[in-house]
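# Analysis of the macromolecular model
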Amino acid sequence: MTTLPIEEAAALRAKILAWAEAYFERDAPVVPDADYDQAMKQLEALEREFPDLVTPDSPTQRVGAAPLSEFESVEHRLPMLSLDNAFSTDDMDDFHRRVTERLGDGDVSYCCEPKLDGVAVSVVYEHGALVLAATRGDGTCGENITANVRTISNVPLMLSGGGVPPYLEVRGEVVIPRDAFERMNAQARAANEKVFVNPRNAAAGSLRQLDSRITARRPLAFTAYSIGAVEGDLPAAHDAILQRLSEWGLPISEYMQTVSGIVACDDYYEALAGQRDTLPFDIDGIVFKVNGMAEQERLGCVSRAPRWAIARKFPAQEVSTQLLGVDFQVGRTGAITPVARLQPVFVGGVTVSNATLHNADEIERLGVQVGDTVVVRRAGDVIPQIVSVVEDNTSGSSPERAPIVFPGQCPDCGSYVAREEGEAVIRCVGGMACGAQLKAVVRHFASRKAMDIEGLGDKLIDQLVDDGLVRSVADVFRLSQAQLAALERMGDKSSENLLASIQLSRSTTLPKFIYALGIREVGEATARALANYFLEMDALLAASTDLLEGVDDVGPIVARHIRGFASDERNQHVIADLLALGVNWPPVAVDSGEGPLAGATWVVTGKLESMSRGDAEQRLRALGAKTASSVSAKTSTVLAGPGAGSKRKKAEELGISIVDETEWLAMLEEME
Ligand code: IVH
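In what follows, the accompanying structure is described. Fair warning: this is a prediction, and the values are worked out from it, not measured in the lab.

### As for the environment of V174
You can see V174 is positioned in strand 7 (residues 167-175). With residues near it in sequence (within four places) discarded, V174 still touches G118, V119, V121, I152, A203, L207, L220, A221 and F222.

Listed below in structure tokens is the structure:
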């Protein structure tokens, strides 16, 4: 039986929508991009041939339209208001007092919502179909950005469910989630394109595109927070209205909460402020709205802001200040980082007087010079950054500008500095002869996630290196109590304690030891993967780059860094010294011979689809099995992926059991 075009179009649409949902909403693509593109092409061709088959919610309607020469102006049926700000609990008390006095009622329910830091947008639905989207503009007139908003994957083109009013204007904020923003900027950086300063600028820039095909490629997301003009019935409370919008398919904030009274508003503020840094998107405050629509009506508006709502702002994460100078710091790997010295400012809740400038490329990109007024950003725990130069920087107290010059020699040891090909970073070539590098190496070695030497802090390390008592990390284990007690601000008691914690740190684990060595690009996770794979330090040191690349997490660059480290004789000496000085660890746990596969020897061969071979071997070892690279009479089972050749044949000859990937995954499910 042949399929009718209408059936084919419906099937394609359903498939594409499901794939898009997995991709955009769950961040878990189920098919390669090429399959998605292919299905879209098929659907487009079909809809071209039979234009009647185009439905308003067809995914083809989201890909972006031909570029506009300019945006049309749109008058809002009801003005888009702004909000009054509050900065303290006192301001909130004043707000509550004004509300209760006007309403003549002390019991007020407030709906609390995050104040999303993006771009305000109005979206109009007629009989459930998206017909218009506009920016806020001056509040009265905005710009028609319908083509752009249609490309936003979580904005329904068609509302679903019953009771949708014939005319419904939804208002909300368009943002770019933080993780998508990071990915987008990483891609831009890799392609040598312009990076965005922050997610809000990126969202605004994306919506301002005259070519909606560009907007379609940006990871924009919409959250509805209120309604505008409506013809038809809606519930009598703000929270119930938003709930209804959500039932019709519109995204609303999952953090929304209705509370009673102003004290509960303060509690909500504190709770969300505490989560601010870990939220998936930027927020710049909390909006509190009187929940009853009749009460909102009675309260009304003053000039451009409603009396029934207020925005309690967080401390700013971006402020401007003056760049006083630049210091150059030498890191563990010799990387020389320019550090901005700033006129101290209060930003993101703390006073900041230093910010990283990353490297010479970044300085060039910013076009920054000493004396400039710059915008400093501090979000959460991240190191403060300079994000831009304020255009008009003549108003600063020092109008003279001076270019930032990188030193030709290491500021610490005077060694040459070199820039490796393809790298943005300039490095001191001094190695351990450079005091600054050695200090950074020892700091890393002693840190909690590495050898975890309690009490060996930065100041002490500086003294030990400066006095020549520590010339390599192994020297830490050669320190005597007399040497320690003779140091500044070190009594008998503290030197005894330190010696005891050094002693304690001798017993470590292989992953911690590998991490402590400070090999470039080898973080905690990679160190763990290496330990699980090689089980012994010697095996790791002897591994070829090919073998190293077989380890999960390890690509050609990391493999090269490990190889470079392992083949350096000085490093070999330090490792030998450390072991001779009593550093030790128990056998790696995955090789403990315990677990459901204890006593069995497995060989993995061929190409697996769900994981790398190294990964499969690691999982097997975690279950207690031994893994081997060749098939022999000792082999218990062979896991053979597609393309398995001689090993599979040998197993067949020897009558050894062979499992394919599907069987193996089923086994894993049972055992893990
Ligand atoms: S309600 C009359 N709710 O903040 C009420 N606004 O100055 C109008 N914003 O430009 C806004 N998150 O784009 C409201 N949950 C939220 C919001 C929110 C962000 C923005 C909005 C507006 C600005 C208010």
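### Comments concerning the environment of K449
If you trace the backbone, K449 turns up in the loop between helix 12 (435-446) and helix 13 (458-466). Remark: the alpha-carbon pair of K449 and S501, spanning 52 residues in sequence, is separated by 15 Å. Here K449 is in contact with K512, Y515 and E524, once residues within four sequence places are set aside.

### Quick look at the environment of E101
Position of E101 among the secondary structure elements: in helix 3 (residues 89-103). The spacing of E101 and L357 is 256 residues in sequence and 52 Å in space, taken between C-alpha atoms.

### Some details on the sheet that holds strand 24 (residues 657-659)
The strands that make up a sheet are held in pairs by hydrogen bonds between backbone atoms, and each pair lies either parallel or antiparallel. Pairing within the open sheet is parallel, and its four strands lie in the order 22-21-23-24. Unpaired on one side and paired on the other, strand 22 (626-628) and strand 24 mark the two borders of the sheet. Shown here is a sheet whose adjacent strand axes are inclined to one another by a mean of 30°, direction ignored. Note: strand 21 (residues 601-605) against strand 23 (residues 637-640), four bridges, orientation parallel. Paired with W602 across the two strands is T637, which belongs to strand 23. Running at roughly 165° to strand 21, helix 22 (residues 613-622) makes contact with strand 21, strand 22 and strand 23 of the sheet. Contacts from helix 24 (residues 661-671) reach strand 21, strand 23 and strand 24, with the element oriented near 90° to strand 24.

### Let's talk about the sheet that holds strand 9 (residues 257-260)
Taken in spatial order, the five strands line up as 2-13-10-3-9 in an open sheet, and their pairing is mixed. The open sheet terminates on both sides in strands that have one partner only, identified here as strand 2 (85-86) and strand 9. Across five bridges, the pairing between strand 10 (residues 283-290) and strand 13 (residues 309-313) is antiparallel. Opposite G285, over in strand 13, you have K313 as the bridge partner. Docked against the sheet, helix 3 engages strand 2, strand 3 (109-116), strand 10 and strand 13, running at close to 175° with respect to strand 13.

### Concerning the side chain of R427
Positionally, R427 belongs in strand 20 (residues 426-428). Among the polar contacts listed, one links the side chain of R427 to the side chain of T333, at a separation of 2.7 Å. Residues within four places of R427 in sequence aside, it is in contact with T333, G334, A335, I336, Y416, V417, A418, E420 and R520.

### Side note on the nonpolar core
Ranked by size, the top nonpolar core spans 57 residues in total, and within it L530 and M537 carry the most contacts. Put simply, the parts of the chain that give this core at least two residues each are helix 12, helix 13, helix 15 (492-505), helix 16 (510-516), helix 17 (524-534), helix 18 (537-542), helix 20 (556-567) and helix 21 (569-580). Element by element, the count of residues in this core is highest for helix 17, at six residues. Residues in contact with L530, not counting those within four places in the same chain, are I514, V522, L535, L540, L548, V551, V554 and I562. If you look at the next biggest cluster of nonpolar residues, it comprises 34 residues, including A133, L157, V170 and W248.

### Quick look at the packing of aromatic side chains
Under the counting rule described, the total for this entry stands at nine aromatic pairs. Residues Y269 and F314 carry aromatic rings whose centres are separated by 5.3 Å and whose planes lie at 45° to one another, so their mutual orientation is tilted. In this pair, Y269 is assigned in helix 9 (residues 262-275) and F314 in the loop between strand 13 and strand 14 (318-330), connecting sequence segments 45 residues apart. Given a relative accessible area of 8%, Y269 falls into the buried group. The ring of Y167 is capped by R77, whose NZ or CZ atom sits 3.6 Å from the centre of that ring.

### Some remarks on the pairing of strand 4 (residues 119-126)
For strand 4, the tally of buried residues reaches seven of eight residues, placing the bulk of the element in the interior. One ladder, built from eight bridges, connects strand 4 with strand 7; its direction is antiparallel. Bridge assignment links V124 to a residue of strand 7, and that residue is E169. Here strand 4 runs beside strand 5 (residues 129-135); their pairing, made up of six bridges, is antiparallel. From the neighbouring strand, V123 faces strand 5, where its bridge partner is A133. Hairpin remark: strand 4 followed by strand 5, antiparallel, with two residues in the connecting loop; positive phi at H127, about 50°.

Reading guide: rules and limits
- Residues numbered from 1 in each chain as written.
- Predicted model: local features only at pLDDT ≥ 70, side-chain atom pairs only at ≥ 80, totals over all residues.
- Heavy atoms only, no water.
- Helix = DSSP H or I, 4+ residues; strand = E, 2+ residues; numbered from the N terminus.
- Contact = heavy atoms within 4.5 Å.
- Pairing = 2+ DSSP bridges.
- Axes fitted to C-alpha atoms, helices over the stretch in contact; angles between N-to-C directions.
- Polar contact = N/O pair within 3.5 Å; in protein donor to acceptor, adjacent residues only side chain to side chain.
- Core = buried A, V, L, I, M, F, W, Y, C linked by side-chain atoms within 4.5 Å.
- Buried < 20%, exposed > 50% of the residue type's maximum accessible area, 1.4 Å probe, protein only.
- Phe/Tyr/Trp six-rings, centres within 6.5 Å; stacked < 30°, edge-to-face > 60°.
- Lys NZ or Arg CZ within 6 Å of the ring centre and 35° of its normal.

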